[in-house]
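# Secondary and tertiary structure notes
One-letter residues, chain by chain:
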Amino acid sequence: MSIKRNAALLLSLSFISGTSSAALSVGAGAVFNESIYRGYNENTHAVPIVNYEGDSFYIRQTTLGYALFKNQRDEVSLTASWLPLTFDPSDNDDSAMKRLDKRNSTAMAGAAWYHHEKWGSLKLSAAADVLDNSNGWVAEMSMFRQMPMGKLTLTPAIGVLYYDENFNEYYYGISGNESRRSGLSSYSPGDSWTPYVG
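Here the structure is a predicted model, which means the values were calculated and not measured.

On to the packing of aromatic side chains. In the structure shown here, the tally under the stated rule is nine aromatic pairs. Ring centres 6.3 Å apart and planes at 45° place the aromatic pair Tyr52 and Phe57 in the tilted group. Using a relative accessible area of 29% as the deciding quantity, one classes Tyr52 as partly exposed. Overall, Phe57 belongs to the partly exposed group, its relative accessible area being 37%. On the basis of an interplanar angle of 50° and a centroid distance of 5.1 Å, the ring pair of Trp137 and Tyr162 is categorised as tilted. Here Tyr162 lies in strand S13 (residues 157-163) and Trp137 lies in strand S10 (residues 137-144), a separation of 25 residues in the sequence. Ring pairs connect the aromatic residues Tyr163, Phe167, Tyr170, Tyr171 and Tyr172, which therefore count as one cluster. Positioned above the aromatic ring of Tyr58, the side-chain terminus of Arg60 is 3.6 Å from the ring centre. Lying across the ring of Tyr114, Arg60 places its NZ or CZ 4.6 Å from the centre.

As structure tokens, this is what we get:
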């Protein structure tokens, strides 16, 4: 199904405005996205960037978390997030893709571990689809470093994302029925690993 590769880019250089709480930062970024699905147009749009760090509760971009354990070097937390990945055949320009089933965005719940050192931070996380859309799960391993630059914060990161077979089958697979309707070859992907630098 997916002819194009994902080329989403979040500009991690964000303008942070001062607030009454030192634990809250609000900014904006831009995302350029080349859809992973054939027949969608490229688009660029602004996205809000919100980060809040409380004693136990936090908001980190699109993830809500509750820390079960936290000290200066380690943190173990429960997480919840919204996965915006979706496919709507009625919005697609390709005649064959219009005959595929709709794929819905979903809510993910899981856990994360952060480890902080002077040179940067490590993150290990895993989350599962709790709305039973894909019945899949994803994981991430990454290393990042926050670099304050006055009112700007640059956060370079490198990591790898894991997607299990159920996740890939739901979002990227083509069933036998879809193949007969659309004329596209049936496709049943396995699990996958996706490295990234940002």
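Read on, since the account is not over.
The subject of this paragraph is the side chain of Ser121. Summarising the element assignment, Ser121 is placed in strand S9 (residues 120-129). A relative accessible area of 9% places Ser121 in the buried class. A polar side-chain atom of Ser121 sits 2.7 Å from a polar atom in the side chain of His116. Filtering out sequence-adjacent residues up to four positions away, Ser121 remains in contact with His115, His116, Ser142, Met143 and Phe144.

Attention now moves to the confidence of the model for the chain. Looking at the chain as a whole, its pLDDT mean stands at 84, while 80% of the residues score no less than 70. Contacts for the low-pLDDT stretch residues 1-22, under 50 throughout, to residues beyond four places or in other chains number 61 contacts.

On to the pattern of salt bridges, then. If charged atoms from side chains of opposite charge come close, those side chains can pair. Inspection of the entire model under this criterion finds six salt bridges. With a closest N to O distance of 2.6 Å, Arg103 and Glu178 form a salt bridge. Taken together, the residues span a long stretch of sequence, with Arg103 in the loop between strand S7 (74-83) and strand S8 (106-117) and Glu178 in helix H2 (residues 176-182) at a distance of 75 residues. For Glu178, a relative accessible area of 2% puts it in the buried group. Between Glu140 and Lys123 there is a salt bridge; the shortest N-O distance is 3.3 Å. Of the two residues, Glu140 is situated in strand S10 and Lys123 in strand S9; the sequence distance between them amounts to 17 residues. Lys123 shares its class with Glu140; the two are buried.

With that settled, consider a nonpolar patch on the surface. Where nonpolar side chains cluster on the molecular surface, the patch consists of Phe57, Leu64, Tyr66, Leu68, Phe69, Val76, Leu78, Trp113, Leu124 and Met141 and spans about 930 Å² of accessible area. A per-element tally of the nonpolar patch places strand S6 (residues 63-70) first, with four residues. Examined against the element boundaries, Phe69 turns out to sit in strand S6.

In an α-helix there are 3.6 residues to a turn, and that puts residues three or four apart on one side. Where helix H1 (residues 165-172) is concerned, the buried positions are Phe167, Asn168, Tyr170, Tyr171 and Tyr172. On an axial view of H1, the arc spanned by its buried residues comes to 165°, and they lie on one face. Tucked into the core, H1 has its buried residues touching S7, S8, S10, S13 and strand S14 (192-197).

So, how was this worked out
- Residues numbered from 1 in each chain as written.
- Predicted model: local features only at pLDDT ≥ 70, side-chain atom pairs only at ≥ 80, totals over all residues.
- Heavy atoms only, no water.
- Phe/Tyr/Trp six-rings, centres within 6.5 Å; stacked < 30°, edge-to-face > 60°.
- Buried < 20%, exposed > 50% of the residue type's maximum accessible area, 1.4 Å probe, protein only.
- Helix = DSSP H or I, 4+ residues; strand = E, 2+ residues; numbered from the N terminus.
- Lys NZ or Arg CZ within 6 Å of the ring centre and 35° of its normal.
- Polar contact = N/O pair within 3.5 Å; in protein donor to acceptor, adjacent residues only side chain to side chain.
- Contact = heavy atoms within 4.5 Å.
- pLDDT = per-residue confidence, 0-100.
- Salt bridge = Lys/Arg side-chain N within 4 Å of Asp/Glu carboxyl O.
- Patch = residues over 30% accessible without salt bridge, like charges linked within 9 Å, V, L, I, M, F, W, Y side chains within 5 Å.
- Areas by Shrake-Rupley, 256 points an atom, 1.4 Å probe, with all protein chains shown as cover.
- Arc of directions from axis to C-beta.

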